[in-house]
Amino acid sequence: MSDFPKTIRSIAIDKNGDIDVLQVKTVPFPAAAPGDVIVKVAYAGVNFIDTYHRKGIYPIKSFPQTLGMEASGTIVGLPTDEKVLADEQYKKRGFKVGDKVALLQFGVHGEYASVPWAKVYSVPESVSLKTAAAALLQGLTALTFVTEAYNVKKGDYVFIHTIAGGLGLIFSQLAKQRGAIVIGTTSTPEKAAVAKAHGADHVILYPTENTVERVLEITNGEGVHVVYDGVGKDTFLNDFKLARRKATIVVVGAASGPVEPIPPLKLVEKNLALLRPTLMNYTYTPEEALHYGSELFSLIATGVVKINIFKEYPFTTEGVQEAQTDLTTRSGKTIGKLVIKIAGN
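So, a few notes on the structure that sits alongside this text.

Criteria and thresholds
- Numbers given to residues run from 1 along each chain, matching the order in which its sequence is written.
- Given that the model is predicted, a residue must reach a pLDDT of at least 70 before its local features are reported, and side-chain atom pairs must reach 80 or more before they are shown or counted; all residues, however, enter totals for whole chains, interfaces and linings.
- In computing side-chain values, all of the structure's heavy atoms are included and hydrogens and water are not.
- Every axis corresponds to a line fitted to the C-alpha atoms, with the helix fit spanning only the stretch in contact, and the corresponding angles, defined between N-to-C directions, vary from 0 to 180 degrees.
- Secondary structure elements follow DSSP: runs of H or I of four or more residues count as helices, runs of E of two or more count as strands, with numbering from the N terminus.
- Roughly parallel means an angle under 35 degrees; roughly antiparallel, over 145; roughly perpendicular, 65 to 115; everything else is oblique.
- Note: crossing handedness is left-handed where the near helix turns anticlockwise from the far helix by less than a right angle, and right-handed where it turns clockwise.
- Contacts are assigned to residue pairs that have any heavy atoms within 4.5 Å of one another.
- Residues are grouped as follows: Ala, Val, Leu, Ile, Met, Phe, Trp, Tyr, Cys and Pro are nonpolar; Asp, Glu, Lys and Arg are charged; every other residue, Gly included, is polar.
- Only protein atoms enter the 1 Å grid used here. Points where a 1.4 Å probe fits but cannot escape make up a cavity, open sets with protein on both sides within 12 Å along at least five of seven lines make up a pocket, and a residue lines them when an atom lies within 4 Å of a point.
- Grid points are joined across faces, edges and corners, and a volume is the space filled by probe spheres set on the points.
- Two strands qualify as a pair provided that DSSP identifies no fewer than 2 bridges between them.
- What a helix is expected to span follows from its residue count: subtract one and scale by 1.5 Å.
- Residue exposure (1.4 Å probe, protein chains only): buried if accessible area is under 20% of the type maximum, exposed if over 50%, otherwise partly exposed.
- Throughout, the arc means that of the directions going from the helix axis to the C-beta atoms.

Structural notes on the packing of helix α4 (residues 129-149) against helix α5 (residues 166-177)
Here is step 1: Running from N to C, α4 and α5 point in directions that differ by 40°, and their axes come no closer than 9 Å. Taken together, the axes of α4 and α5 are oblique relative to one another. In this structure, α4 crosses over α5, and the sense of that crossing is right-handed. The residues of α5 that touch α4, namely those facing Gln138, Gly139, Thr141, Ala142, Leu143, Phe145 and Val146, are Gly166, Leu167, Ile170, Phe171 and Leu174.
Here is step 2: Across the contact of α4 with α5, the residue classes tally to eight nonpolar, four polar and no charged.

Below, the structure written as structure tokens:
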């Protein structure tokens, strides 16, 4: 550790609250456990889960707390634990100092991050660190959810709320690759055009069109096989109207707030399945993480999945506040993913 600085800059909060609690501040160099990989961070991916931590929807144990679930960079330190070094799953990754990697772990939005080795994902040489930071969390979420939450198949009608967002665009491409008919919502014709360029068959402009009526029209009155809903409170009850008999509703997130409780008997109306999964439980074991990480970056490297980055923000208090503001403004201007450039600022 003598080669590393004693302090770093990070995106951190001293308390839960509104956007003004976000700041770039000096914090101690992250403590490294013997099984950790130490990474010099290049880019940070901005996600709704960052806002949930900031607001306290997902509780934080102590402050100050560095935020962020997703980043990319280069390895500057390897595990020292002999058991880890001998682990077959660790050896399969072939980590070396200087390797390009992406990180999936809370607290990585700083100049350096110390991360358990199984939460570190190798990035192919043909994929940039900027793309890797934009792709990992949303890409793994979409990939695991179209595989395990509901296994999307050829001919399925798949409905995606806010399809022009970073997550929605990846959902759309993966579902289309599997032969599904993809339906989504967005707020403007410009966003609809982007969604269609990323695989959407039908895009509904929710400010001016009746989403339920349009979906039933497209599906000949039957509804869709699966709904992926990252909006939450504002759209959740309509999901039951969009779904066909024996459909699956997957609550992906809560951009508009947590959904209200419902009685289990509501599922009886159409024999529906309702899930609120998390990515972390689909990539819980090192084997699962390696499998899905390798598949995701292969899809990106071969051009099957394209990552649309809307904007790169500076690593300043003003920059990170602007990024979260832009992310959470529904019907706003953002199309695709937001990233913060950590290195070089």
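Points about the layout of surface pockets
If you roll a probe as big as a water molecule over the atoms, it shows you where there is empty space left.
Here is step 1: Considering only enclosed or pocket space, the second largest pocket measures out at about 350 Å³ in volume.
Here is step 2: Every residue lining the second largest pocket is counted, 19 residues in all, and those nearest its centre are Pro30, Ala31, Phe106, Gly107 and Ser114.
Here is step 3: Within the residue set of the lining of the second largest pocket, elements represented by two or more residues are β1 (7-13), β2 (23-28), β4 (65-66) and β7 (112-116).
Here is step 4: The greatest single-element share of the lining of the second largest pocket, amounting to four residues, is contributed by β7.
Here is step 5: When its residues are assigned to classes, the lining of the second largest pocket shows eleven nonpolar, seven polar and one charged.

Notes on the sheet that holds β1
Here is step 1: Read from one edge to the other, the open sheet built from three strands follows the order β2-β1-β4, with strand pairing classed as antiparallel. Strand pairing shows two members of the sheet lacking a second neighbour, β2 and β4, which therefore form its edges.
Here is step 2: With two bridges joining them, β1 and β4 adopt antiparallel strand pairing. What sits directly across from alanine 12, in β4, is threonine 66.

Observations concerning empty space enclosed by the protein
Here is step 1: For the structure shown, the criterion picks out two cavities of 30 Å³ or more.
Here is step 2: There is about 60 Å³ of room inside the largest cavity.
Here is step 3: Taken together, Ile11, Leu22, Val46, Asp50, Leu67, His109, Val320, Ala323, Gln324 and Ile340 make up the lining of the largest cavity.
Here is step 4: With three residues, helix α11 (residues 317-328) is the largest single contributor of residues to the lining of the largest cavity.
Here is step 5: Along the lines of polarity and charge, the residues of the lining of the largest cavity split into seven nonpolar, two polar and one charged.
Here is step 6: A volume near 50 Å³ is recorded for the second largest cavity.
Here is step 7: Looking at the second largest cavity, the residues that line it are Ala134, Gln138, Gly166, Leu169, Ile170, Lys306, Ile307, Asn308, Gly336 and Lys337.

Structural notes on α11
Here is step 1: Over its twelve residues, α11 runs 17 Å from end to end, which matches the ideal 16 Å to within 8%, given 1.5 Å per residue.
Here is step 2: Among all positions of α11, only Gly319, Val320, Ala323, Gln324, Asp326 and Leu327 are buried. Along α11, the residues classed as buried sweep out an arc of 160° about the axis, all on the same side.

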